[in-house]
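# Notes for the structure review
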Amino acid sequence: MTKIYDLHCHSTVSDGMLSPAEVVRRAYEQGVNVLALTDHDSISGLEEAQSAADQLGVELINGVEISTVWENRAIHIVGLGFDKTHPKMTALLAEQAALRFKRAIQIGEKLAKVGVENAFEGAKALADGEVTRAHYARYLVQIGKVANDNQAFKKYLSQGKSCYVKSEWCDIPTAINVIHQSGGISVLVHPLRYTMTNRAIRRLIADFARWGGRAMEVSGCGQSPEQRQLLADWANEQGLMGSVGSDFHFPCQWVELGKSLWLPQGVEPVWNAL
Ligand code: AMP
Ligand code: MN
Ligand code: MN
Ligand code: MN
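Presented here is an overview of the structure given in this document. (Residues numbered from 1 in each chain as written. Chains lettered and ligands numbered in written order. Predicted model: local features only at pLDDT ≥ 70, side-chain atom pairs only at ≥ 80, totals over all residues. Heavy atoms only, no water.)

## Some points on empty space enclosed by the protein
Selection criterion: Only protein atoms enter the 1 Å grid, on which a cavity is a set of points fitting a 1.4 Å probe that cannot get out and a pocket is an open set with protein on both sides within 12 Å along at least 5 of 7 lines, lining residues being those with an atom within 4 Å of a point. Grid points are joined across faces, edges and corners, and a volume is the space filled by probe spheres set on the points. For this scheme, ten residues count as nonpolar: Ala, Val, Leu, Ile, Met, Phe, Trp, Tyr, Cys and Pro. Four count as charged, namely Asp, Glu, Lys and Arg, and the remainder, Gly too, count as polar.
Within this structure, the stated rule accounts for 2 cavities of 30 Å³ or more. Size it by volume and the largest cavity reaches roughly 70 Å³. Taken together, Leu99, Lys102, Arg103, Gln106, Val165, Lys166, Ser167, Glu168 and Trp169 make up the lining of the largest cavity. Split into classes, the residues belonging to the lining of the largest cavity amount to 3 nonpolar, 2 polar and 4 charged. In this structure, the second largest cavity occupies an estimated 40 Å³ of space. Surrounding the second largest cavity, Val69, Asn72, Arg73, Ala74, Tyr164, Lys166 and Ser167 form its lining. Looking at side-chain class alone, the lining of the second largest cavity contains 3 nonpolar, 2 polar and 2 charged residues.

## Side note on helix 1 (residues 20–29)
One full turn of an α-helix is made of 3.6 residues, so residues set three or four places apart face in the same direction. The cut-off we apply is this: In this scheme, a residue with accessible area under 20% of its type's maximum is buried, one over 50% is exposed, and one in between is partly exposed, where area comes from a 1.4 Å probe on protein chains only. Put simply, DSSP marks the helices as runs of H or I at least four residues long and the strands as runs of E at least two long, and each gets a number from the N terminus on. In this context, the arc is that of the directions from the helix axis out to the C-beta atoms.
Looking only at helix 1, the buried set comprises Pro20, Val23, Val24 and Ala27. With its buried residues spanning 95° around the axis, helix 1 presents them on a single face. Positive backbone phi, approximately 85°, marks Gly31, located one or two places after helix 1.

## Regarding the site of ligand 1
The line we're drawing: Each residue is tested against the molecule or strand, and it is near if at least one of its non-hydrogen atoms lies within 4 Å. Polar contact is defined as a pair of N or O atoms within 3.5 Å, subject to the rule that within protein one atom must be able to donate a hydrogen and the other to accept it, and that residues adjacent in sequence are counted only when both atoms are side-chain atoms. Using a 1.4 Å probe, accessible areas were evaluated by the Shrake-Rupley method; residue-level cover was limited to the displayed protein chains. Any molecule with more than half of its atoms within 2 Å of a cavity's or pocket's grid points is counted as sitting in it.
Close contacts around ligand 1 come from Asp15, His40, Arg100, Arg103, Thr132, Arg133, Asp149, Asn150, Phe153 and His249, and that covers them all. In the model, an oxygen atom of ligand 1 is placed 2.9 Å from a nitrogen or oxygen of the Asp15 side chain. Within the contact set of ligand 1, an oxygen atom lies 3.0 Å away from a side-chain nitrogen or oxygen of His249. Starting from 500 Å² of accessible surface for ligand 1 in isolation, the protein chains cover 74%. In a pocket analysis with a 2 Å cut-off to the grid points, ligand 1 is assigned to the largest pocket. Secondary-structure elements contributing two or more residues to the shell around ligand 1 are helix 3 (87–113) and helix 6 (149–157). Ranked by the residues each element gives to the shell around ligand 1, the list is headed by helix 6, at 3 residues.

## Some details on the coordination of the manganese ion (ligand 4)
Condition: Only nitrogen, oxygen and sulfur atoms qualify as donors, and only when within 2.8 Å of the metal (3.2 Å in the case of Na, K and Ca); with water excluded, sites may look incomplete.
For the manganese ion (ligand 4), the full set of protein donor atoms is His8 (NE2), His10 (NE2), Glu65 (OE) and Asp247 (OD), at a range of 2.1 to 2.2 Å. One chain supplies every donor for the manganese ion (ligand 4), spaced along it as H-x1-H-x54-E-x181-D. Here the manganese ion (ligand 2) and the manganese ion (ligand 4) are spaced 4.8 Å from one another. With a gap of 57 residues between them, His8 in the loop between strand 1 (5–6) and helix 1 and Glu65 in strand 3 (residues 59–70) connect regions that are remote in the sequence. Each member of the pair, His8 as well as Glu65, is classed as buried.

Shown next, in the form of structure tokens:
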């Protein structure tokens, strides 16, 4: 029987809405055999996820989604199958957490300047772990400033908008090296999510491969077959393995754990190397 893999999803440890154990249970109910929980810059959900996975017979791969900066943009690199106690990994994530905290305060200050008081406290109250822009978006919805999360990003939080704070995340080679030194595999995720030209995306993929990156997310939720094939071609072109991930954050109509994730023929699956 072919296994169902989902190697990219989030819990309340970052900006997901289900606890790590609830994510694992939902994955199990959706028929996922192999799951990686990949919270933003945090591995503090992995222990809880592992207990739940052991109880249910789901294979859990250690995961994390590291925020990096490339050409002045935030680019996400997933690490899979690393040693979660490795000092290089825990040190990098401690630095990233400090940057995230500092940035969260600065976003709060910018929101105060446009008339939204106490937004840091509001966003923090909605967060179990890291305070992300998604928590700010949810707070802005809660107080009626915007109708939905997407509007919050469009109006305040996206790059170039009034309350955007430039990221100081680590660079891509640092993320790749720390993932590899801690025994894991680096994956460039959701390459088509960035508002970049195809030419710039291919430059990003080439840089990632040149710096030693190993795999690229080829299969995700809500893709067209053409997009999936394009990503497969780009991965093959650069000698990258292919990964699959829903990027699940919360139950909704469009994104589900393990849903329609598969690799086109000819792409080397990342799990062959895990
Ligand atoms: P951060 O890591 O704090 O910069 O937050 C980024 C997170 O915000 C992403 O991982 C997404 O989950 C979420 N996000 C980004 N853009 C949007 C958007 N337009 N609408 C809803 N959520 C978004
Ligand atoms: Mn997110
Ligand atoms: Mn991401
Ligand atoms: Mn993600």
